[in-house]
Amino acid sequence: MHELALCEAIADVVKSHADGQHVDVVRVRIGALRQVVPESLSFCWSMVRDFADMPEAELELESVTAAVQCRSCGHDSEITSQWSLLCPRCDSADVAVLRGNEFLVTSLDVSDREPQQTQKE
Amino acid sequence: MGRFHRHDDGTVHDHDHGDHDHDHGDHDHDHGDHSGYRTGSQRVDVLEAIFAENDARAGANREAFESNGVRALNLMSSPGSGKTTILSATLDELGGDVAVGVIEGDIATDLDATKLAGRGAQISLLNTGNGFGGECHLDAPMVTRALRGLELPGLDLVVIENVGNLVCPAEFDVGEHAKAMVYSVTEGDDKPLKYPVMFRAVDVVLLNKIDLVPYLDVDVENYVTRVREVNPTATILPVSARTGAGMDAWFDWLRRFAAGAPTD
Ligand SMILES: Nc1nc2c(ncn2[C@@H]2O[C@H](COP(=O)(O)OP(=O)(O)O)[C@@H](O)[C@H]2O)c(=O)[nH]1
Ligand SMILES: [Mg+2]
Ligand SMILES: [Zn+2]
Ligand SMILES: [Zn+2]
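Remember, predicted model here, so these are calculated numbers, not experimental data. (Residues numbered from 1 in each chain as written. Chains lettered and ligands numbered in written order. Predicted model: local features only at pLDDT ≥ 70, side-chain atom pairs only at ≥ 80, totals over all residues. Heavy atoms only, no water.)

A word on the overall build of chain B
Part 1 of the argument: What chain B contains, in helices and strands, is eight helices and eight strands.
Part 2 of the argument: Considering only intrachain contacts with a sequence separation of at least 6, the fraction spanning at least 24 residues in chain B is 74%.
Part 3 of the argument: Accessible area of chain B: about 11600 Å², with a carbon and sulfur share of 49%. (Helix = DSSP H or I, 4+ residues; strand = E, 2+ residues; numbered from the N terminus. Contact = heavy atoms within 4.5 Å. Areas by Shrake-Rupley, 256 points an atom, 1.4 Å probe, with all protein chains shown as cover.)

In structure tokens, the structure reads:
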């Protein structure tokens, strides 16, 4: 829904870590509860990277399946259904989220070539 | 255009490497070769949350509220659920004893602000339409900007009317102390299952438009059950902003919240 804004935020994080070097790859980890549509994020990235002076930076997405710990039955389970956040074993909503809220830039690949826009002859 | 990079005070943003835990130590810089050819890729570990800047700004907003003794409520719903209608009735009721500020984010026009004007509250309009992502949620920097339109020292409570949307507003901390949601009985009782992230995030649900129950094939108890299924702890208040039914319970909740007292 707001994948364009998310890509701008990703580009900001990348810039602060790339130290002006050429960015080849950006790796992003996204939990299932982040409600991000991967195709839409990739599409927006292909636009945002040009404005962010990293036109060759490839976005690699790593998705994390949501997992909950149920306070009713005590079990940890992965959530496979797209909608529900209920405990898959006993249907309780009284769960703590163990995984699925991740949304971070994990790493970059950079190389010594300068970004094109800042190159001066 | 960047929601995370707006600089209302005209300053140029500079990432402060001092307050992150950035590790730049493993770079092996060789700036000698500027031939334009890649001389070998190397990996830089980052592990930085993409919402880190938003969350830092939200923290600053929260501090601004707290240093002025103000409590802030983030009010969310799908479009047309009744946020503005509930808010105008609320301003009329609380006007005398609770000093309220409103940040009006759900606007394509100034229609909502016009409805809320003249009810004794300070109102700060946010034009959310002028940027990418701005149509679908409020973020912390936008609220920072809106705060300049309010005199916080004179207020007890700030209500932030978010953009009508059940998906992304829940993802962005704007510095509030609690999240409220308006869910009207015209929307269908499947919404908690379809938008569990939003429904789980809220502290209070106003089940609105119960005056329409006789005309719809619905039952309030069923709506309450559906909300409970994804959020066992939220306060659920069936109301009609139109007739005023149930609204006293909401006013009580909000008075306790504004006073910083327990709400459940
Ligand atoms: N019947 C009925 N209509 C309502 C109620 N609350 C709001 N409305 C109507 O619903 C429409 C949308 O309300 P509004 O407050 O603008 O929703 P918002 O988009 O969430 O701010 C308006 O026509 C309101 O008059 C209610 O309790 N009962
Ligand atoms: Mg409105
Ligand atoms: Zn269980
Ligand atoms: Zn959004």
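Comments concerning the nonpolar core
Part 1 of the argument: Counting residues in each nonpolar core, the largest one holds 33 residues, and the members touching the most others are Ile10, Val26, Val28, Trp45, Val105 and Leu108 of chain A.
Part 2 of the argument: Secondary-structure elements contributing two or more residues to this core are helix H1 (3–18), strand E1 (22–31), helix H2 (38–51) and strand E6 (103–111) of chain A together with strand E1 (41–49) of chain B.
Part 3 of the argument: When residues of this core are assigned to their parent elements, the largest contribution, nine residues, is made by H1 of chain A.
Part 4 of the argument: Viewed by domain, this core spans two of them, domain 1 (4–53) and domain 2 (70–258) of chain B, each represented by three or more residues.
Part 5 of the argument: Filtering out sequence-adjacent residues up to four positions away, Trp45 of chain A remains in contact with Cys7, Ile10, Ala11, Val26, Met54, Ala57, Glu58 and Leu59 of chain A. (Core = buried A, V, L, I, M, F, W, Y, C linked by side-chain atoms within 4.5 Å. Buried < 20%, exposed > 50% of the residue type's maximum accessible area, 1.4 Å probe, protein only. Domains from an automatic or database assignment.)

Observations concerning the side chain of Ser88 of chain B
Residues and elements named next belong to chain B.
Part 1 of the argument: Among the structural elements, Ser88 can be located in helix H2 (residues 83–94).
Part 2 of the argument: Owing to a relative accessible area of 9%, Ser88 belongs among the buried residues under this scheme.
Part 3 of the argument: At 2.8 Å, the side chain of Ser88 forms a polar contact with the backbone oxygen of Thr84.
Part 4 of the argument: If we ignore the near neighbours within four places in the chain, the residues touching Ser88 are Lys115, Leu116 and Arg119. (Polar contact = N/O pair within 3.5 Å; in protein donor to acceptor, adjacent residues only side chain to side chain.)

Focus: the site of ligand 1
All names here are of chain B.
Part 1 of the argument: Ligand 1 sits among 17 residues. The nearest are Gly80, Lys83, Thr84, Thr85 and Asp211.
Part 2 of the argument: Contact distances for ligand 1 include 2.5 Å between an oxygen atom and a side-chain N or O atom of Thr85.
Part 3 of the argument: Asp211 places a polar side-chain atom, nitrogen or oxygen, 2.7 Å from a nitrogen atom of ligand 1.
Part 4 of the argument: Protein chains bury 78% of the 580 Å² of accessible surface belonging to ligand 1 in isolation.
Part 5 of the argument: Tallying contributions element by element places H2 first for the shell around ligand 1, with three residues. (Near = heavy atom within 4 Å.)

Things to note about the coordination of the zinc ion (ligand 4)
Part 1 of the argument: Distances from the zinc ion (ligand 4) to its protein donors, His2 of chain A (ND1), Cys136 of chain B (SG), His137 of chain B (ND1) and Cys168 of chain B (SG), fall within 1.9 to 2.4 Å.
Part 2 of the argument: Taken together, the four donor atoms surrounding the zinc ion (ligand 4) define angles of 77 to 132° at the centre, an arrangement classified as irregular. Here His137 of chain B, found in the loop between strand E4 (122–125) and helix H4 (140–147), pairs with Cys168 of chain B, found in the loop between strand E5 (157–161) and strand E6 (178–184); they are 31 residues apart in sequence, far enough to count as distant. Each of the two residues, His137 of chain B as well as Cys168 of chain B, counts as buried. (Donors = N, O, S within 2.8 Å, 3.2 Å for Na, K, Ca; no water. Tetrahedral: all angles 85-135°; square planar, octahedral: opposite > 155°, others 65-115°.)

Points about the packing of H1 of chain A against H2 of chain A
Residues and elements named next belong to chain A.
Part 1 of the argument: Orientation of H1 relative to H2, taken along the N-to-C sense of each, is 55°, at an axis distance of 9 Å. Overall, the two elements H1 and H2 adopt an arrangement that is oblique. As H1 packs across H2, the resulting crossing turns out to be right-handed. Between H1 and H2, the residues in contact are Glu3, Leu4, Leu6, Cys7, Glu8, Ile10 and Ala11 and Ser40, Leu41, Cys44, Trp45, Met47 and Val48, respectively.
Part 2 of the argument: Classifying every residue of the contact of H1 with H2 gives 10 nonpolar, one polar and two charged. (Axes fitted to C-alpha atoms, helices over the stretch in contact; angles between N-to-C directions. Parallel < 35°, antiparallel > 145°, perpendicular 65-115°, else oblique. Left-handed = near helix turned anticlockwise from the far one by under 90°. Nonpolar A, V, L, I, M, F, W, Y, C, P; charged D, E, K, R; others polar.)

Things to note about the sheet that holds E1 of chain B
Part 1 of the argument: Spatially, E2(A)-E1(A)-E6(A)-E1(B) is the arrangement adopted by the four strands of the open sheet, whose pairing is mixed. Looking at which strands have only one partner, the edges of the open sheet turn out to be strand E2 (58–64) of chain A together with E1 of chain B. Averaged over neighbouring strand pairs, the angle between their axes works out to 20° when direction is ignored.
Part 2 of the argument: Pairing geometry for E1 of chain A and E6 of chain A, over eight bridges, is antiparallel. Bridge assignment links Arg29 of chain A to a residue of E6 of chain A, and that residue is Leu104 of chain A. (Pairing = 2+ DSSP bridges.)

Brief notes about the sheet that holds strand E2 (residues 71–77) of chain B
Residue and element names in this part refer to chain B.
Part 1 of the argument: What the seven strands build is an open sheet, ordered E4-E3-E5-E2-E6-E7-E8; its pairing is parallel. Because the sheet does not close on itself, it has two edges, and the strands there are E4 and strand E8 (235–238). Neighbour-to-neighbour, the strand axes of this sheet turn through a mean angle of 20°, independent of strand direction.
Part 2 of the argument: Where E2 lies against E6, five bridges are found, and the strand directions are parallel. When the bridges of E6 are listed, Leu75 appears paired with Ala180.

As for the pattern of salt bridges
All names here are of chain B.
Part 1 of the argument: Enumeration according to the criterion identifies 17 salt bridges over all chains in this entry.
Part 2 of the argument: Across the pair Lys115 and Asp112 runs a salt bridge, and its minimum N-O distance is 3.7 Å. Separated by three residues within a single helix, Lys115 and Asp112 lie in helix H3 (residues 111–116), roughly one turn from each other.
Part 3 of the argument: Of the residues examined, Lys115 reaches a relative accessible area of 49% and is grouped as partly exposed. (Salt bridge = Lys/Arg side-chain N within 4 Å of Asp/Glu carboxyl O.)

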